[in-house]
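This is what each chain is made of:
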Amino acid sequence: MKKTGKVKNILDSGQKLVCIGPVSKNTVDATIEFSNYSGTFLKIIASRSQIEMDKLGGGYCNKWNTSDFADYIRKKDKRNRIIIARDHGGAYQHPLESSLSTDLAMKSSMESFACDIESGFDAIHFDPMIPSTGNRSEDILQSLKAITEIYDFCHTNYPSKVFDIEIGTE
């Protein structure tokens, strides 16, 4: 039997899903409170600047690291209606990666994805920002290569974890 993620199941049932960025603890609390009250599925979708693993300094939203953020939501989400998601994950999507080589930025982003998966994120957006070569065809190939590496890493290292994937590039 094929496992499907939470987001796919919600969308397949015909329900709509609103995505909310965790710009503050108040935003996160209001989202959870509304979901608990109404029973509505809502998706809290965090960029790597908003929420990040300790190794990269956490995020600006309430200074949460990835696991504390996920734990906080799971504890307060009384009806299991909040989808926790990573937005714009990938190489060069965190400010500390701006001066790294592509190999090191990819390694850093994969460590971040590992933390997301281990923290129980329901969905992950693969979106590496590989530096442009000036050749559109080459840029597309490099982005596809990075996405493939990320996908392989996540599914090779976490074969029993179920999470939805969104793929896109800038």
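Residues numbered from 1 in each chain as written. Predicted model: local features only at pLDDT ≥ 70, side-chain atom pairs only at ≥ 80, totals over all residues. Heavy atoms only, no water.

### Description of the packing of helix H4 (residues 102-118) against helix H5 (residues 136-157)
To describe two helices that pack against each other, one gives the angle between their axes and the distance between the axes. Packing of H4 against H5 brings their axes to within 10 Å, and their N-to-C directions diverge by 40°. Relative to H5, the element H4 is oriented oblique. The two elements H4 and H5 meet at a crossing, and its hand is right-handed. Here Met-106, Met-110, Phe-113, Ala-114 and Ile-117 of H4 come into contact with H5, specifically with Ala-146, Glu-149, Ile-150, Phe-153 and Cys-154. Here the contact of H4 with H5 is composed, by residue class, of nine nonpolar, no polar and one charged. (Axes fitted to C-alpha atoms, helices over the stretch in contact; angles between N-to-C directions. Helix = DSSP H or I, 4+ residues; strand = E, 2+ residues; numbered from the N terminus. Parallel < 35°, antiparallel > 145°, perpendicular 65-115°, else oblique. Left-handed = near helix turned anticlockwise from the far one by under 90°. Contact = heavy atoms within 4.5 Å. Nonpolar A, V, L, I, M, F, W, Y, C, P; charged D, E, K, R; others polar.)

### Some details on the pairing of strand E4 (residues 123-126)
Of the two faces of E4, the one lined by Ala-123 and His-125 and the one lined by Ile-124 and Phe-126 are each fully buried. In this structure, strand E3 (residues 82-89) lies alongside E4, joined through three bridges in parallel fashion. Within E4, the residue paired with Gly-89 across the bridge is Phe-126. Following the chain from E3 across H4 to the adjacent parallel E4, one finds a crossover that is right-handed. (Buried < 20%, exposed > 50% of the residue type's maximum accessible area, 1.4 Å probe, protein only. Pairing = 2+ DSSP bridges. Right-handed = clockwise from strand over helix to strand, strands pointing away.)

### Some points on the confidence of the model for the protein
For the protein, per-residue confidence averages 93 on the pLDDT scale, and 97% of positions sit at 70 or higher. Mean pLDDT across the secondary structure elements of the protein bottoms out at helix H1 (residues 6-12), with 84, and peaks at helix H3 (residues 66-76), with 98. (pLDDT = per-residue confidence, 0-100.)

### As for the state of the cysteines
Scanning all chains against the criterion turns up zero disulfides. Cys-19 forms no disulfide, and the closest cysteine sulfur to it belongs to Cys-61, at a distance of 16 Å. Residue class for Cys-19 comes out partly exposed when judged on its relative accessible area of 44%. Cys-115 takes part in no disulfide bond, and the closest cysteine sulfur to it belongs to Cys-154, at a distance of 12 Å. On the basis of relative accessible area, Cys-115 is assigned to the buried category, the value being 17%. (Disulfide = S-S within 2.5 Å.)

### Structural notes on the sheet that holds E3
Across the sheet, which stays open at both edges, the five strands sit in the order E1-E2-E3-E4-E5 with parallel pairing between neighbours. Single-partner strands in this sheet number two, and they are strand E1 (18-20) and strand E5 (164-167). Put simply, the sheet's adjacent strands are angled 25° from each other on average, direction ignored. As paired elements, strand E2 (residues 42-46) and E3 share five bridges and run parallel to each other.

### Some words on the pattern of salt bridges
Under the criterion given, the structure shown has eight salt bridges. A salt bridge links Glu-52 to Arg-48; the shortest N-O distance between them is 2.7 Å. By the burial criterion, Glu-52 is buried, and Arg-48 matches it. The partner of Arg-86 in a salt bridge is Asp-116, and the shortest N-O contact between them spans 2.9 Å. A residue pair is termed long-range when its members are at least 10 positions apart, and Arg-86 in strand E3 and Asp-116 in helix H4 qualify at 30 residues. (Salt bridge = Lys/Arg side-chain N within 4 Å of Asp/Glu carboxyl O.)

### Some points on the packing of aromatic side chains
Two numbers describe a pair of aromatic rings. These are the distance of the centres and the angle of the planes. For the coordinates displayed, the defined rule picks out four aromatic pairs. For the ring pair Trp-64 and Phe-69, a centre distance of 5.6 Å and an interplane angle of 55° mean the geometry is tilted. For the pair Trp-64 and Phe-69, one class covers both residues: buried. Considering the side-chain rings of Trp-64 and Tyr-72, the 5.0 Å spacing of their centres and the 45° angle between planes classify their relative orientation as tilted. Note on accessibility: Trp-64 and Tyr-72 belong to one class, buried. In textbook terms, an aromatic cluster arises when at least three aromatic residues are bridged by ring pairs, as seen for Trp-64, Phe-69, Tyr-72 and Phe-121. (Phe/Tyr/Trp six-rings, centres within 6.5 Å; stacked < 30°, edge-to-face > 60°.)

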